[in-house]
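# Examination of the molecular architecture
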Amino acid sequence: MASTGDAFLDEQIALVGADRGRLMDVLRAVQTRYGHVSDASASAIAAGLGMHVGDVIDALSFYAFFSRVPAGRFQIRLSRTPISRIHGADAVAHAFCQALGIAMGETSPDGLVTLNWTSDIGMADQEPAALVDDVVVTALTPEVVPAILAALRAAIDASTGIPSPGNRVPLPHARVHPNVIQAGPLLSRAARRGDGIRAALLLPPEQVVARIAAARLRGRGGAGFPTALKWRLCRNGPDGERHIICNADEGEPGTFKDRVLLSDFADLVFDGMTIAGYALGAPSGVMYLRAEYAWMLPALHDVLAARRRLGLLGGAICGHDAFGFEIRIQSGAGAYICGEESALIESLEGKRGAPRDRPPFPTEHGYRDRPTAVNNVETLACVARIMENGPETFAALGTRESTGTKLMSLSGDCPHPGLYEVPFGITLNGLLDLAGAPDAGFVQVGGPSGRSVAPKDFGRRLAYEDLSTGGSIMIFGPDRDVLDIVLQFAEFFADESCGWCTPCRVGTALLRDQMAHVAAGRATLRDIGALESLAGTVARTSRCGLGQTAPNPILSTMRDFPERYEARLHAADFVSKIDLVAAQRESAALQGRHPVEELF
C-alpha cells in the first residue's frame, strides 16, 4: 500500500485493509481526529483506498456528521422534534445561543463550540436531549447550560488549545436511563448468554428456519415482512457467501426500543445474529449502528470480546466444529434514510446512503452483491427467545397475524414515558391507560412515517393487520396544535430526503411549504385541495419508503381532523403564498423607498 504522506491516515487505511468498502470507518476516524475532513484528506483517502476522489467527496457530503470545513472543538447537536419542543428544547437552544453569543448553525468566536439542531437522537423519553460529540446529555434545562459550557472549557489544554488527549469530559446530565416501564417475555430476565445458540445448534439450519416460521415471527421494524420467508429467500439465492446485517439505524423519531435492547440486552441481539448466521450459512455479520448511538460502542465491543472468550464468537462456536461466526459493528454518520435496508447496504459499502432500485432484492443481490438478510434489532432478539423457549410459547401471545409481544416507545404528553412490552393486539386505549394518558388529543403511531390517530379510533388494535408500527408512539395532549406538529413532520422529511428522486426531493419541500401556508392561516379551500393532490402524487411516485410515507401525517390529519384545517382556512378565494410587503422590506429600507400600500 502506497503511503498517503499522513501517518495517521496510513494507519487508518491499513486498519481496514485498504478496503474501499470501509470508507465510512476511515472518514469517521479523520473526522474525530481533525474535526473535519479537508479536501487534501479526501484526496489522500481516495489514493489510499484506490477510489476516485469524487466518490469520497460524494459520500462525505451526504452524511450530517461529516464536515468538510473546520468546526468548533466540540459539536453540540440539540435534538429538535415535536417531543423535544414540547419539553422545552427551544428554551435550551436559546440559552446555548445566549451563552455562546451565536445563532444555531454557528461556531462560537473562541472556536469552542459549533451548535446545531439535529433530528431525533433516540431520547424521546428523556427530552430535551443533545449530543456533545458522542456524549449524550438528557433532561436539559436552560439552567444547566452554563455548567455544560464550563465543563467543556475546563477540558481544553491551555498549552495546546485542544481537549486533553484521552480526556472524556465529565458533563452534567450525561446520563441515559433505560426507562423500561413494563417488561414481558422478551425483557423479563437477563439473557443467559448463548442459550438460543445452543438450542439452534442441536438442529440442522433448515429446521432453525422452520422454527422461526412456526413462531410466525414478522420483522419488528414496521413493515412486518415474515422473517422465515426472508431467510429462505436468502438461503435460496445464488451459491456462495451470504451475509446477515443487523439494522441498528433506529432513526424513526419517537422510537428508542433498540437503544434499550443494545444497552441492556446486547447479548440477546448478538445471540440472534449468530443464530441467523447459522441458519443462513453466513460466516459473519455486521451491525450497522446509527451515529447517534456511538456512545454505546465501547460497551458493545466489550460484550463482543466477552463472547469471544466464552466461545460464542469465533471458530467452533459452543464446541460446534462446523460453525464459526464473527460480528463487526459499523457506525453510520447521520442519515435517516439509512434505516431503509438497501440504503443501509449502500452505506456499508462506503457510498452515499441512496436506496437501490428493486428488484433485485437484497436477499438475492445485497451486501457486496451477495444474498443478504437485513433484520431489525428487536427481530433478532425475538429470534433468540424463540430458540430458547420454543415457537409455540412465542406464538401463544399476540394475534393470529401478529404473534408475540412488541416493544413500544411512549413519549410526549404522558406522566410515564418509557418502554412498554405489550402483546400485539393491545388497543391504543389500553396503551394510553398504561402510560397514564387517557385524555390524549391524538397519537402519532409509527413516527412521522406512520399515521395520526384521533380519539375516535383509540379502540383500534396495535398489530400488523390494524395499526402497524415499528414502536414509536408519540402522545399529544388535547391542547396541542395538530397542524403545527404536522408541519414539523413535513420539515423533517424535507430535511431528510436523500434527493435522489424528484418526487421526493421536490415534493417533500413543496409539502413543507404548503403546510406552512396552511398553518399560518393563509390557505384557501383551493389550496387544501392542491395540498391533498400533491400529497397523493408524492406518495405514489416516490422511489422509496421515505417519500412514499412522508405525506402520511398530512393525509391522516386531513381525514381525522378536518375541523382543524377548516378553522385555519382563509375566506378569500386566493391568498398569495408570498408576503410581498415582507419580501420587499429589506430592499425598501436600502433604497429609502417604500411600496405603495394600495397595491397590496
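All residue numbers here refer to positions counted from 1 along the written sequence of the relevant chain. Local features in a predicted model are, by the rule used here, given only for residues with pLDDT of at least 70; side-chain atom pairs are given and counted only at 80 or more, and totals for whole chains, interfaces and linings are based on all residues. Heavy atoms throughout the structure, all of them, feed into the side-chain values; hydrogens and water do not.

The protein goes by NAD(P)H-dependent oxidoreductase subunit E in an unreviewed UniProt entry, where it is assigned to Nguyenibacter vanlangensis. Note on the protein: under the UniProt heading Sequence similarities (unreviewed entry), the record states "Belongs to the complex I 51 kDa subunit family." According to UniProt, the comment filed for the protein under the heading Cofactor (unreviewed entry) is "FMN". UniProt positions are given in the numbering used here, feature names are shortened, and annotations may be inferred rather than shown by experiment.

A few words on the overall build of the protein. Secondary structure assignment for the protein yields 24 helices and 14 strands. We compute the radius of gyration over the C-alpha atoms and compare it with the globule rule, which gives 2.2 Å times the number of residues raised to the power 0.38. Scaling as 2.2 N^0.38, a compact globule of 600 residues should have a C-alpha radius of gyration of about 25 Å, and the protein matches this with 25 Å. Each principal axis of the C-alpha distribution contributes one length, and for the protein these read about 85 × 65 × 45 Å. Burial classification: accessible surface area is computed with a 1.4 Å probe over protein chains only, and a residue below 20% of its type maximum counts as buried, one above 50% as exposed, and the rest as partly exposed. Split into buried and exposed, the 600 residues of the protein put 55% on the buried side. Two residues form a contact once any of their heavy atoms are found within 4.5 Å. Summarising the internal contacts of the protein: among those between residues at least 6 apart in sequence, 71% fall at separations of at least 24. A total accessible area of about 24,100 Å² is found for the protein, and carbon and sulfur atoms account for 52% of it. Two residue types count as positive, namely Lys and Arg, and two as negative, namely Asp and Glu; His and chain ends fall outside the count. Charged groups are reduced to one reference atom each: NZ for lysine, CZ for arginine, CG for aspartic acid, CD for glutamic acid. Averaging the locations of the 57 positively and 68 negatively charged side chains of the protein gives two centres separated by 4 Å. Helix and strand assignments follow DSSP, with helices taken as H or I runs no shorter than four residues and strands as E runs no shorter than two, numbered in order from the N terminus. Methods summary: accessible areas were calculated by the Shrake-Rupley approach with a probe of 1.4 Å, and residue burial reflects only the protein chains presented.

What follows covers helix α4 (residues 53–62). Residues V56, A59, L60 and F62 constitute the buried set of α4. One face of α4 carries all of its buried residues, which in axial projection span an arc of 165°. Residues of α4 that are buried in the fold lie against α2 (23–34) and α3 (39–49). Each C-beta atom gives one direction from the helix axis, and the arc is the one those directions make.

When you line up the elements, T372 lands in strand β9 (residues 372–376). Assessed through its relative accessible area of 1%, T372 is described here as buried. Residue contacts for T372: discarding those within four places in its chain leaves C234, H243, I245, P362, T363, G366 and Y367.

This part is about the packing of aromatic side chains. Here a Phe, Tyr or Trp ring, Trp counted by its six-membered ring, pairs with any other such ring whose centre lies within 6.5 Å, and the pair is stacked when the planes are under 30 degrees apart, edge-to-face when over 60, and tilted otherwise. Counting across every chain of the model gives twelve aromatic pairs. Centroid distance Y278 to F323: 5.2 Å. Interplanar angle 70°. Geometry classified as edge-to-face. With Y278 in helix α12 (residues 266–280) and F323 in the loop between α13 (297–309) and β8 (326–331), this pair connects stretches of sequence that are 45 residues apart. For the pair shown, Y278 and F323 are each scored as buried. When the centroid spacing of 6.4 Å and the interplanar angle of 70° are considered together, the rings of Y336 and F493 count as edge-to-face. Of the two residues, Y336 is situated in the loop between β8 and α14 (341–348) and F493 in helix α18 (residues 482–496); the sequence distance between them amounts to 157 residues.

On to unusual backbone geometry. With an omega of 0°, the peptide bond running from R358 to P359 counts as cis. Looking at the element boundaries, P359 is found in the loop between α14 and β9. Cis rather than trans, the peptide bond between P359 and P360 has omega equal to 5°. One can find P360 in the loop between α14 and β9.

Strand pairing in a sheet is mediated by backbone hydrogen bonds. Such pairs are either parallel or antiparallel. Pairs of strands are assigned from DSSP output, requiring at least two bridges between the strands. The strand order across the open sheet formed by four strands is β8-β7-β6-β9, and the pairing between neighbours is parallel. Unpaired on one side and paired on the other, β8 and β9 mark the two borders of the sheet. Across this sheet, the average inter-strand angle for adjacent strands is 25°, counted without regard to direction. The sheet contact formed by strand β6 (residues 243–248) and β9 spans five bridges and is parallel. Each bridged residue has a counterpart across the sheet, and for I245 the counterpart in β9 is V374. As a rule, the C-alpha atoms of each element are fitted with a line to give its axis, helices using only the stretch in contact, and angles between N-to-C directions run from 0 to 180 degrees. Along the sheet, α2 contacts β7 (284–289) and β8; its crossing angle with β8, the most-contacted strand, is approximately 50°.

What follows is about the side chain of R28. Looking at where R28 falls in the secondary structure, it is placed in helix α2. For the buried R28, no salt bridge is present, and the opposite-charge side chain at shortest range is D134, 4.3 Å distant. Apart from the residues lying within four places of it in its own chain, the contact partners of R28 are F66, D134, A291, A294, S331, G332 and A333. What counts as a salt bridge is simple: a side-chain nitrogen of Lys or Arg found within 4 Å of a carboxyl oxygen of Asp or Glu.

Here we have four strands laid out as an open sheet, ordered β2-β1-β3-β4, and mixed in their pairing. A strand with exactly one partner marks an edge of an open sheet, and here the two such strands are β2 (113–118) and β4 (135–137). The sheet shows a mean angle of 25° between the axes of neighbouring strands, taken without regard to direction. Pairing analysis gives three bridges linking strand β3 (residues 130–132) to β4, with the strands arranged antiparallel. Across the sheet, residue V132 finds its bridge partner in β4, namely V135. In the packing of helix α7 (residues 145–154) onto the sheet, the strands contacted are β1 (74–79), β2 and β3, and the crossing angle to β1 comes to about 160°.

This part takes up the pattern of salt bridges. If you walk through the whole model with that rule in mind, you get 36 salt bridges. Salt-bridge contacts for K230 lead to E341; the nearest nitrogen and oxygen are separated by 3.6 Å. Note that K230 is positioned in helix α10 (residues 227–235) and E341 in helix α14, a separation of 111 residues in sequence. By relative accessible area, K230 is classed as buried at 14%.

Attention shifts here to the nonpolar core. Among the nonpolar cores identified, the biggest contains 62 residues, and W231, F270 and M287 are the most heavily contacted of them. Of the residues forming this core, the biggest block, ten residues, is contributed by α12. Not counting chain neighbours up to four residues away, the residues in contact with W231 comprise V209, I212, A276, A279, L280, A373, N375 and V383. Core analysis: the second largest hydrophobic core is formed by 52 residues, L9, V26, A29 and L131 among them. By nonpolar core is meant a set of buried Ala, Val, Leu, Ile, Met, Phe, Trp, Tyr and Cys residues that side-chain atoms within 4.5 Å join together.

A few words now on the environment of L112. Summarising the element assignment, L112 is placed in the loop between α6 (89–100) and β2. Here L112 falls in the buried class, since its relative accessible area comes to 3%. Sequence separation between L112 and D134 is 22 residues, and the spatial gap between their C-alpha atoms is 16 Å. When sequence neighbours within four positions are dropped, the list of residues in contact with L112 reads G72, R73, F74, L149, L152, R153 and I156.

By secondary structure assignment, the location of A99 is in helix α6. What makes A99 partly exposed here is its relative accessible area of 42%. Along the backbone, A99 and P146 are 47 residues apart, and their C-alpha atoms lie at a distance of 7.2 Å. In contact with A99, not counting residues within four places along its chain, are V145 and L149.

Looking now at the packing of helix α9 (residues 205–215) against helix α15 (residues 377–389). Where α9 contacts α15, the two axes come as close as 10 Å, and the packing angle between them is 100°. Taken together, α9 and α15 sit at an angle that is classed as roughly perpendicular. Contacts from V208, R211, I212 and A215 of α9 reach α15 at V383, I386 and M387. Polar here means any residue other than Ala, Val, Leu, Ile, Met, Phe, Trp, Tyr, Cys and Pro, which are nonpolar, and Asp, Glu, Lys and Arg, which are charged; Gly is therefore polar. Of the residues in the contact of α9 with α15, the class split is six nonpolar, no polar and one charged. Reported orientations rely on four angle classes, namely roughly parallel under 35 degrees, roughly antiparallel over 145, roughly perpendicular from 65 to 115, and oblique for the rest.

The first and last C-alpha atoms of helix α19 (residues 502–519) sit 25 Å apart over 18 residues, in line with the 26 Å expected at 1.5 Å per residue. Within the span of α19, buried status applies to C504, G507, T508, L511, Q514, M515, H517 and V518. Tucked into the core, α19 has its buried residues touching α18, α20 (525–541), α21 (545–549), α22 (552–560) and α23 (562–568). To estimate how far a helix should reach, multiply one less than its number of residues by 1.5 Å.

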